[in-house]
Amino acid sequence: MIELKNVSKTFYSKKSAVQALSGVSLNVGKGEVFGVIGYSGAGKSTLIRCVNLLEKPTEGQVIIDGTDLTGLPASKLREKRQKIGMIFQHFNLLKTATVYENIAIPLKLTGLSKTEVDERVKKYLAVVGLDDKSDAYPGQLSGGQKQRVSIARALSHEPEILLSDEATSALDPETTESILDLLLRINREFGITILLITHEMHVIQKVCDRVAVMEGGEVVEQGSVIDVYAQSAHPTTKKFIDSQFPIEAPESMLKTIAGKGPIVKLSFVGHSTGQPVLSEIVKRFDVHTNILSGNIVQMKDESYGRMIVHISGETDAPKAIEALKDAGVQVEEVNLDDV
Amino acid sequence: MTFNPAEFIDRWGSNIWQATIETFQMVGIALSISIVIGLPLGVILVLTRPGKALDNKYLYQFLNVFINVIRSIPFIILLFFILPFTQLIVGTSMGVRGVIVPLVVYTAPYIARLMENSLLEVDKGIIEAYEAMGMKTRHIIWHVMIREARPSIILGLTIATIGLIGATAMAGLVGAGGLGDLAYRFGHLRYEEDVMIVTVILLIILVQGIQSLGNRTAAWLKKD
Ligand SMILES: Nc1ncnc2c1ncn2[C@@H]1O[C@H](COP(=O)(O)OP(=O)(O)OP(=O)(O)O)[C@@H](O)[C@H]1O
Ligand SMILES: [Mg+2]
């Protein structure tokens, strides 16, 4: 559906050149939710803006549904863009127009009749749950409501693709959840392919099927979300994932256990909890386990859990670890200073 | 000398009425034409900027300098300087008709600048959102840029209108009349203080009225 081939983008100014993207290739399948994550300045916005050619790539191809957009004349590009919706961090609504007009004006400009416009506006306002706000001005709405209006505006053109540039970054956690739920629903109900960018792992975990991690204008790792969680290789990816598994054990406790048996990081894919395997090894071996921290994140269709466990019982600890590995748990020994 | 309203109106009423009409005519016509010229110029100034939709360094620089040059010339100089041009365009350089041309030449570049400022204030993100939706540039100009800039455009036009009223005071020099001219000819040259005070009061009321009308309209259009 969306295919980026070796896309590079360099911004030239009088004095310098900034290479925002270098040789990025991505492939987003039809009906998929694809996330791009990276720290500030990684080139995420530039990347997503290249997809609808708001930013013209210096090199490479942007192929949407088989058509290379980089070679299209302006009028053909406009036609294509009408089928690619986009939502933004700052909503980008007309401040001087009502919610209704914000959706209706672009529709009218694409040549729809008045009754068609009216039908679409009402339909998509209902989809985003704002049917009662059609006469309000954006200034009278909350951030979450504004984002819903902008989602309705994007949907009203009945696009096949929705691009989301940090759509939840300006929202509080609760509103973020509701907007993410809405995006998931849109993906499932209308089969719209979604490409989103974010700097929050939580967003990736909750709604994405696949993810690409960006740094310094390059994709450093990509794959299905669960694989990336289970086998991340790049330090940046690890940092993003670690941010969801904070170590909560108090400093004093860490000091008392230092040197008394291994501390291991256990990762589980699919299991709802690691508890049963842990009690199993305590029964089978002469060890005690002490959970320093643990968290489970729920992904679209799987869960991924991680625990930091202190295993005491010097002689049996290695055997216990082997047993854990046999049970399909990923075990990684960690240094206290690293956690 | 005591002020007798009845006698004053009897003696000067028709002159003042006539002058008021002339002022309204000059301001109304010159403003309309200046908007028709100034607004598109302002749009062109914004769109030909580096990195904008119609990026054109030469046109932008030319307009920029051209507008600055005209705006540097005091109205009184402009009035006489372009006499031949006025003659050529409207066939006369006298009367209300003759003064419209210099008034427009004076006001249109000013309006272009004010429009440029207003349009530049429009959130880039909104324009981008419309580009992303595949909207045509001319639709974006009208339905996004000008629409969103309306409150600020109205305030700019208010300033321009008040400047225009000031400029019409000098229109008397080419026999166009108006309130400013009345105050000058009778009040100043012939020591008819009453006439001068009354016309000045009328001008103050006019300027005040236009300013508050502008402020209110802008506030009403703003919606946030
Ligand atoms: N129009 C531009 N002109 C010059 N440099 C730019 C432009 N847009 C982006 N850049 C540069 O390109 C790099 C990538 O920017 P980009 O906005 O894509 O990052 P990002 O990952 O979206 O960051 P953030 O999370 O802060 O939004 C940065 O170094 C930025 O300064
Ligand atoms: Mg960004």
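A brief structural summary. (Residues numbered from 1 in each chain as written. Chains lettered and ligands numbered in written order. Predicted model: local features only at pLDDT ≥ 70, side-chain atom pairs only at ≥ 80, totals over all residues. Heavy atoms only, no water.)

## Some points on the site of ligand 1
Residue and element names in this part refer to chain A.
- The environment of ligand 1 is made up of Phe11, Val18, Ala20, Tyr39, Ser40, Gly41, Ala42, Gly43, Lys44, Ser45, Thr46 and Glu166.
- With respect to ligand 1, the backbone of glycine 41 contributes an N or O atom lying 2.8 Å from an oxygen atom.
- Out of a free accessible area of 640 Å², ligand 1 has 58% covered by protein chains.
- Elements supplying a minimum of two residues to the shell around ligand 1: β2 (17-28) and α1 (44-51).
- No other element matches the 3 residues that α1 contributes to the shell around ligand 1. (Near = heavy atom within 4 Å. Polar contact = N/O pair within 3.5 Å; in protein donor to acceptor, adjacent residues only side chain to side chain. Areas by Shrake-Rupley, 256 points an atom, 1.4 Å probe, with all protein chains shown as cover. Helix = DSSP H or I, 4+ residues; strand = E, 2+ residues; numbered from the N terminus.)

## Concerning the interface of chain B and chain A
- Facing 22 residues of chain B, the contacting portion of chain A comprises 25 residues.
- In total, chain B and chain A occlude about 2,100 Å² of area from one another, counting both sides; carbon and sulfur atoms represent 58% of this.
- The three residues of chain B that bury the most area against chain A are B:Ala132, B:Met133 and B:Lys223, which together make up 24% of that side's buried surface.
- We note a salt bridge from A:Lys95 to B:Asp123, for which the minimum N-O separation is 4.0 Å.
- Where chain B meets chain A, there are 8 residue pairs in polar contact (both at pLDDT 80 or more). (Contact = heavy atoms within 4.5 Å. Buried area = accessible area lost by both parts, 1.4 Å probe. Salt bridge = Lys/Arg side-chain N within 4 Å of Asp/Glu carboxyl O.)

## Considerations on unusual backbone geometry
Residue and element names in this part refer to chain A.
- With a phi angle near 50 degrees, asparagine 6 is a residue other than glycine that sits in the positive phi range.
- With respect to the secondary-structure elements, asparagine 6 resides in strand β1 (residues 2-12).
- Phi at glutamate 158 is positive, roughly 50 degrees, even though this residue is not glycine.
- Tracing the backbone through its elements, the reader meets glutamate 158 in the loop between α5 (143-155) and β7 (161-165).
- According to the relative accessible area criterion, glutamate 158 is partly exposed, its value standing at 35%. (Buried < 20%, exposed > 50% of the residue type's maximum accessible area, 1.4 Å probe, protein only.)

## Quick word on the pairing of strand β8 (residues 193-198) of chain A
All names here are of chain A.
- The element β8 is largely enclosed, with a buried count of 6 among its 6 residues.
- Because side chains alternate across β8, one face comprises the buried residues Thr193, Leu195 and Ile197, and the other comprises Ile194, Leu196 and Thr198, equally buried.
- In this sheet, β8 lies alongside β7 in parallel orientation, the contact comprising 5 bridges. The residue of β8 that forms the bridge with leucine 162 is isoleucine 194.
- With helix α6 (residues 173-190) bridging β7 and the parallel β8, this β-α-β connection has right-handed handedness. (Pairing = 2+ DSSP bridges. Right-handed = clockwise from strand over helix to strand, strands pointing away.)

## Quick look at helix α3 (residues 99-109) of chain A
- Counting buried positions over the 11 residues of α3(A) gives 8, a clear majority of the element.
- Buried within α3(A) we find A:Val99, A:Asn102, A:Ile103, A:Ala104, A:Ile105, A:Pro106, A:Leu107 and A:Leu109.
- Structurally, α3(A) contributes buried residues whose contacts are with α4 (114-127) and α5 of chain A together with α6 (124-132) and α7 (137-168) of chain B.

Taken by themselves, the reported measurements are silent on function.
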